[in-house]
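Okay, here's what each chain looks like letter by letter:
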Amino acid sequence: MADGTVDFAAASRAALQDPQLRGNFRRAMDGLMGKRAAQFPDAAEWRGVRELAAAVRLRALAKLPELLERLEENCSRNGITVHWAATTAEANAIALDILRKVDAKLVVKGKSMVTEEMHLNAVLEDHGIEVLESDLGEYIVQLDGTMPSHIIMPAIHLNTKQIAHLFKRKIKDAESREDAAYLTDLARRVLRAKFLAADVGMSGVNAAVAETGTLCLIENEGNGRMCTTVPPVHIAFMGLEKVVEKLEDVPPVISLLPRSATGQPITTYVNMISGPRKSGEKDGPREVHLVILDNGRSSIYADPELRDTLRCIRCGACMNHCPVYTKVGGHAYEAPYPGPIGKILVPQIEGLETRGALPHACTMCNACVEICPVKIPIVEIMGRLRVEAVRPGGAVKDGGAKASRAEAMVWSGWAAMNASPTAYRIATLAMSRLGNAAPSSLPLLKDWTRVDNEAVRSKPRFATRTLHDLARAKGIPDA
Amino acid sequence: MDHQPATPKPTRVYYFGTCLVDLFFPDAGMAGIELLQAQGLTVVFPQGQSCCGQPAYNSGYRAEALKVARAQLDLFPGDDPIVVPSGSCAGMMKKHWPDLFHGEPDEAKAVQVASRVWELTQFLVQALEVRLTDKGEPVRVTWHASCHAQREMGVVDEPKALLRQLANVELVELAREKECCGFGGTFAVRHPEISAAMVGDKVADIAGTGAARVVSGDCGCLLNITGALEAGRQPVQGQHIAQFLKERTHG
Amino acid sequence: MPDARSAILAKLRADRDAHPLTPPASDFTPIEAKRWPDDDRLPRIRRLMEAVHTEFLDATDTDWPAVLREFLAREGVGTLLYAPETEVGKRLEREWEREGTHEVERVRGDPRCERIDPCLTPHPSHAPHGPLPSPGAGEGPTLIPYDKPIEDLKPQLFTAIDAGLTTTRGAIAETGSLILWPSADEPRTLSLVPHIHIALLRADALYDTFLQAMREQRWADAMSTNALLISGPSKTADIEQTLAYGVHGPKRLVVLVVRS
């Protein structure tokens, strides 16, 4: 939209009209939910490790400023250069500066949500630097010129046929074969040449250990290791909340992240980087940089209730289990973080003016809360953001942006009716007598009964006598 | 299952009917009262009651929600349990009233009231340990679990246990029992397309069971699901579990 | 940007002090409680890793070079990259020499190294015509020492090497994971770039959990520049959730289990 407002409703309508997309998501998410459940056969084990992982994340948040300082100190001791960025623009400038110093022409990237947040690829391309996403899903999405639709499985919206078609169009000498093994091999061929030639590798960080100055990255493909090991320079990007206190805090997080995300006991690689190539070592990058990004996180941290948003370990299980996400897919959110976590994180980072609709794109079913491995009260935060959206001032960027006098009057009238037994009695009497005469063309009723001119639900029918009436008639005592 | 201490068996309960039951499903509300009476209980229905405040609470209007919730507080003096034929409204009272009243002068009273709230089937199973005798014809039904009953009240097995007590009732569970039907209060009209897609999947799941009836414990879900069943001309009937149990046991 | 640093830290500190957070105790017992009997660890590791296409070879202190050699011959592996400074590397050199087939290449574009373009050609053992004939005596797989910086080895490393041999610091029963501890003597890319990664695992170096391994080996006191857990060959499910092996890292992971 011209004013920068992101229209989730319109985008989700488009998604719902694409049966291919709906089918792809339904199948994929059903599969992921099943695989996750199979990883937690022991409810006591799940509860115990989950409590621990939540405690680890909370302890990190409790000591956040001290841990970030300690992380910096230990990273520096290990030879990792630490940079701080308050905004995405600052982070992009830091990246460009490093790239300029080493005269980088080609960058290979492992998966990094923070760089999606920064729109780093576009910035690098504007500066004439070739940048290649190397996670297979990200690579597919980059070839397609679109955005990831899931934080763990970026190309989950596409099926094999669509990917085969894309590769045929975009990769020289590609055969038109709808075969995942062939397509994977094709990507291997293209990307290996790039790993070999790259000047700089970039990655995200799953957890940064303050105690040892260690960056932990988990992945299955080996592209993350390629990006962090083969090119002469490695730049890692992390949101400032990704720090943990001790090395021992890593196993609980690693224990839950892959099981929750994709239903595998562990990822193929757990890659723990504690420095660039040391003297005498034969490989590894000559330089390692860590960029610590704020981008609104410190404001989220300021509020004791909203702060829980920062526990997130980015497993994506909340989206796999979200009944809204599984219907509309990730693109409808038009944000790096879709699904439940996106609905609470993105409005806090970008503000309620443009993102105020997101916290309402939720039935508050709590499916996400039930499976969140670090126990983020996602729905409570969702409710709080709904409050902030209509309350001027407040803790969140653009608080009150969605305040409307008409809506406030409706709720004020509703409260007056429900807070007085007399008013309630008159109102329910009126509704039970006249409610059914309301035409289906009334605004709310129209939305309830018809979508795209198709009947989706019959009109609710008011009973002629309320329960209050029936109880009185049957002599049910009032006190 | 969230087991509450249930000794000794109560003899008197309050009934909070909820606004949706009041307006759209009063017979289900009455059936709930009669199920409790059939267990020998005195059921008190305070006529001053209206709504738990959830619509405003979930829409971001906490002051309005508080005003409405506060109007209910004095209706339930003493220690008797408060039984609610809705997992969603029970969840609002039990789980969210303490937060809503936090820092308010009547916080202690709200917390006390909240602690006495039960969802109807949970109360029948856990507090009363009811034994039902089926007097109805053979029928196949399926169960729709409301999200708030499951995840706020911890009511998962109780309603199904009640249905399984009925000799002539065959319960076929949904393939995606835990998945939301797409009602979500104002969600259904804020995002009608998504809500329609969600209830579409739910209706397909229901149809797949071959059940003649879909039974649920929440009227929001029922408005949504029965509305979609009717619009799609599906031969399945939706019914509140209180009404279904009463019909089966009263002959 | 030193300003960003101090501004961020000052804000975090002020906000935290305004609303301090008391985290619950971190109770590690749910992880510490995960134990397997001595005899169950290796079978469990094997089962979990085989489920993700890892291959296992059984050997002893005495015969592991021969077992390895036999495997390489059987699979038609032409070139094996190894770490010459490690005990394992030295043993490998001795054995190859003893067999009279000591062909330690100083990689220089030998035609047999170029023979397999692993990016384009299916691995010999997967080729439609079946495995290449086993090399006889004097024709053993060529050993290539990783004895120079990666910059001097890069093109060959990516195009001419079939397999890499590393040691491990043990394995983890809970998840079926190898612990790798790259060092000056044993480079990081040995386990990453070659198409087959062969990892030597001592059968007595097994741990129950990742937590136990890092505690007993005292990782926090001195981390490797690149400590790794490896639980299978490289894989992806990014194409319609269909598992495909060998996307960027090794296509095959072979664990050579060595018993005393």
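For the structure, check the block above.
Bear in mind that the values here come from a model prediction, so they are computed numbers and not experimental data.

Moving on: the sheet that holds strand β1 (residues 12-15) of chain B. Residue and element names in this part refer to chain B. An order of β2-β1-β3-β4 is seen for the four strands of this open sheet, with the pairing classed as parallel. At either margin of the open sheet sits one strand with a lone partner, and together these are β2 (42-44) and β4 (117-119). The average undirected angle you get between the axes of adjacent strands in this sheet is 35°. Here three bridges tie strand β3 (residues 82-84) to β4, and the two strands are oriented parallel to one another. Across the sheet, residue Val83 finds its bridge partner in β4, namely Trp118. Contacting β1, β2 and β3, helix α2 (residues 26-38) runs over the sheet at an angle of about 175° to β1. In this fold helix α5 (residues 87-100) packs onto β3 and β4, with an angle of close to 160° to the strand it touches most, β4.

For the rest of this paragraph, the subject is the interface of chain A and chain C. On the chain C side, the residues contacting the 103 residues of chain A number 78 residues. Contact between chain A and chain C buries roughly 7,900 Å² in total, counting both sides, with carbon and sulfur atoms accounting for 61%. The closest approach of N and O atoms between Arg13 of chain C and Glu69 of chain A, which form a salt bridge, is 2.7 Å. Where chain A packs against chain C, one counts 44 residue pairs in polar contact (both at pLDDT 80 or more).

It is worth spelling out the side chain of Glu388 of chain A at this point. All names here are of chain A. Tracing the chain through its elements places Glu388 in helix α19 (residues 378-390). In this structure Glu388 comes out as buried when scored by relative accessible area, which is 0%. Here the side chain of Glu388 touches Arg391 through a polar contact of 2.7 Å, side chain to side chain. With sequence-adjacent residues up to four places away left out, Glu388 is seen in contact with Leu352, Gly393, Gly394, Ala395, Val396, Gly399 and Gly400.

Our focus in this paragraph is the pattern of salt bridges. A side chain of one charge can pair with a side chain of the opposite charge when the charged atoms of the two come close. Taken as a whole, this structure holds 80 salt bridges over all chains when the rule is applied. The shortest N-O distance in the salt bridge between Arg151 of chain B and Glu370 of chain A comes to 3.0 Å. Of this pair, Arg151 of chain B sits in helix α8 (residues 147-151) while Glu370 of chain A sits in helix α18 (residues 367-371), placing the two residues on different chains. Across the pair Arg74 of chain C and Glu70 of chain C runs a salt bridge whose closest N-O atoms are separated by 2.6 Å. Here Arg74 of chain C pairs with Glu70 of chain C, and both are found in helix α4 (residues 64-74), just four residues apart, close to one helical turn. Looking at Arg74 of chain C, the relative accessible area reads 37%, which means it is partly exposed. Linked by salt bridges that have partners in common, Arg22, Arg26, Asp30 and Lys327 of chain A together with Arg176, Glu179 and Asp201 of chain B make up one network.

Taking 1.5 Å as the rise per residue, helix α20 (residues 405-419) of chain A with 15 residues should run 21 Å; its terminal C-alpha atoms sit 21 Å apart, in good agreement. Buried within α20 of chain A are the following residues: Trp411, Trp414, Ala415 and Asn418 of chain A. Viewed along the axis of α20 of chain A, the buried residues span an arc of 100°, placing them on a single side of the element. Projecting away from the buried face of α20 of chain A at angles above 90 degrees are the exposed residues Arg405, Ala406 and Met409 of chain A. On its buried face, α20 of chain A sits against α21 (421-434) of chain A together with α3 (54-57) and α4 (62-73) of chain B.

Another point: the nonpolar core. Here is a general trend for soluble globular proteins: nonpolar side chains tend to be buried in one another's company. Counting 149 residues, the largest nonpolar core has Leu68, Met202 and Leu290 of chain A together with Trp219 of chain C as the members making the most contacts within it. Per-element accounting of this core gives the leading share, nine residues, to helix α3 (residues 43-62) of chain A. Dropping the residues within four chain positions of it, Leu68 of chain A is found in contact with Trp84, Met238, Leu240, Val243 and Ile292 of chain A together with Leu9 and Leu12 of chain C. Trp448 of chain A together with Tyr15, Trp118 and Cys221 of chain B belong to the second largest nonpolar core, which has 60 residues in total.

All names here are of chain A. Taking 1.5 Å of rise per residue, 14 residues should cover 20 Å, and helix α5 (residues 88-101) covers 20 Å from first to last C-alpha, within 8% of that figure. Burial in α5 covers these residues: Ala91, Asn92, Ile94, Ala95, Leu96, Ile98 and Leu99. Just beyond α5, the residue with positive phi is Asp103, at close to 55°.

Moving on: the interface of chain B and chain A. Between chain B and chain A, the residue contacts involve 72 residues of the former and 65 residues of the latter. Of all residues in chain B, the largest losses of buried area upon contact with chain A belong to Leu23, Gln47 and Tyr61 of chain B, amounting jointly to 12% of the total for that side. Counting every contact that joins chain B to chain A gives 13 salt bridges. Between Lys474 of chain A and Glu34 of chain B there is a salt bridge, and its shortest N-O distance comes to 3.2 Å. Across the contact surface, chain B and chain A share 30 residue pairs in polar contact (both at pLDDT 80 or more). With nine residues, the single largest contributor to the side of chain B that touches chain A is helix α11 (residues 192-209) of chain B. When its residues are assigned to classes, the side of chain B that touches chain A shows 34 nonpolar, 21 polar and 17 charged.

Taken together, the two pairs of chains in contact show their highest number of contacts between chains A and C. In this view chain B stays clear of chain C, with the nearest C-alpha atoms of the two still 17 Å from each other.

Glancing now at the packing of α2 of chain B against helix α7 (residues 120-127) of chain B. When two helices pack together, their arrangement is given by the angle between their axes and by how far apart the axes lie. All names here are of chain B. Put simply, α2 and α7 touch, their axes get as near as 11 Å, and they point 10° apart. Between α2 and α7, the interaxial angle falls into the category roughly parallel. Contact residues: Gly32, Leu35 and Leu36 in α2; Leu120, Phe123 and Leu124 in α7. Partitioned by chemical class, the residues of the contact of α2 with α7 number five nonpolar, one polar and no charged.

The rules we used
Residues numbered from 1 in each chain as written. Chains lettered and ligands numbered in written order. Predicted model: local features only at pLDDT ≥ 70, side-chain atom pairs only at ≥ 80, totals over all residues. Heavy atoms only, no water. Pairing = 2+ DSSP bridges. Helix = DSSP H or I, 4+ residues; strand = E, 2+ residues; numbered from the N terminus. Axes fitted to C-alpha atoms, helices over the stretch in contact; angles between N-to-C directions. Contact = heavy atoms within 4.5 Å. Buried area = accessible area lost by both parts, 1.4 Å probe. Salt bridge = Lys/Arg side-chain N within 4 Å of Asp/Glu carboxyl O. Polar contact = N/O pair within 3.5 Å; in protein donor to acceptor, adjacent residues only side chain to side chain. Buried < 20%, exposed > 50% of the residue type's maximum accessible area, 1.4 Å probe, protein only. Expected span 1.5 Å × (residues − 1). Arc of directions from axis to C-beta. Core = buried A, V, L, I, M, F, W, Y, C linked by side-chain atoms within 4.5 Å. Nonpolar A, V, L, I, M, F, W, Y, C, P; charged D, E, K, R; others polar. Parallel < 35°, antiparallel > 145°, perpendicular 65-115°, else oblique.

These results come straight from atomic positions and should not be treated as a statement about function.
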